[in-house]
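# Working through the structure, step by step
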Amino acid sequence: MANDLTGYEVVLGVSGGIAAYKAPSIASALVQRGCGVTAVLTRAAMEFITPLPFRAITGRKVHTDMFDLPAGGSDPHIHLSQSADLLVIAPATADLIAQLAVGLAGELLPCLCLSADCPLLIAPAMNNQMWAHPAVQANVKTLTSRGVQLIGPDEGWLACGSTGPGRMSEPPAIAARVAELLLTNPPRSKT
Ligand SMILES: Cc1cc2nc3c(=O)[nH]c(=O)nc-3n(C[C@H](O)[C@H](O)[C@H](O)COP(=O)(O)O)c2cc1C
């Protein structure tokens, strides 16, 4: 099948925005194409959604805590993203974007982004005023200048009640972009 993603590995990072409730749909779209998906949630993400839907959809442990170390296994803050073909963060909050721009590593997800040697795709989602803020725009520019890929945000109705740019791109569009990026190279596991 042209869309077959068998053999590819994706880390799906979820940060703490209202659009986090849509993130399992991204996992589902990728898993349905045969892609291996491992979800990593920030502490704030778990205010919006629990790990359970990700566990059920991906069939894998959901990582939420940098210090939850497997006995005798590899440390997730380094190794999770090192076997990944792509790291996608959806939604990416203003806070997480700032952490990535500065290089902070105080939680598992931003820490993984520093140790990752695979492409990174972010799907920002926030209030339109937040998105327009020069600090956020400067951080996004920093990330894109480093090669980070961006999808969205789209323009439309926002959960805060306003309308404008800030809405996370829809899960099918994010999954399609992930697939497009993955298929530019063979799976890492086969190289
Ligand atoms: C109800 C509610 C909705 C929020 N939605 C967003 C959002 O869509 N985008 C965003 O950037 N921050 C949003 N925030 C703020 C983040 O949750 C906050 O900045 C948090 O520290 C993000 O943490 P993280 O980036 O580590 O996941 C929201 C906060 C609340 C209380």
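What this report covers is the structure whose coordinates are included nearby. (Residues numbered from 1 in each chain as written. Predicted model: local features only at pLDDT ≥ 70, side-chain atom pairs only at ≥ 80, totals over all residues.)

### Some remarks on the overall build of the protein chain
Looking only at helices and strands, the protein chain features eight helices and seven strands. Taking 2.2 N^0.38 as the reference for a compact globule, 191 residues should give roughly 16 Å; the C-alpha atoms of the protein chain span a radius of gyration of 16 Å, in line with that estimate. Relative to its full complement of 191 residues, the protein chain shows a buried share of 47%. Sequence-distant contacts in the protein chain: of pairs separated by 6 or more residues, those separated by 24 or more amount to 76%. (Helix = DSSP H or I, 4+ residues; strand = E, 2+ residues; numbered from the N terminus. Rg over C-alpha atoms; globule rule 2.2 N^0.38 Å. Buried ≥ 20, exposed ≤ 12 C-beta atoms within 10 Å, placed from the backbone. Contact = placed C-beta atoms within 7 Å.)

### Considering the sheet that holds strand S1 (residues 9-14)
Spatially, S2-S1-S3-S4-S5 is the arrangement adopted by the five strands of the open sheet, whose pairing is parallel. The sheet is open, and its two borders are formed by strand S2 (36-41) and strand S5 (149-150), each paired with just one other strand. Pairing of strand S4 (residues 120-124) with S5 involves two bridges; the strand directions are parallel. Following the sheet pairing, Leu 121 is matched in S5 by Gln 149. Packed on one face of the sheet, helix H1 (residues 23-32) meets S1, S2 and strand S3 (86-92) and runs near 175 degrees to S1. (Pairing = 2+ DSSP bridges. Axes fitted to C-alpha atoms, helices over the stretch in contact; angles between N-to-C directions.)

### Some thoughts on the environment of Val 11
In this structure, Val 11 sits in strand S1. What makes Val 11 buried here is the crowd of 27 C-beta atoms within 10 Å. Separated by 29 residues in the primary sequence, Val 11 and Val 40 have C-alpha atoms spaced 7.1 Å apart. The residues contacting Val 11, other than those within four sequence positions of it, are Thr 38, Val 40, Leu 80, Ser 81, Ala 84, Leu 87 and Leu 112.

So far we have only geometry, and geometry alone does not tell us how the molecule works.
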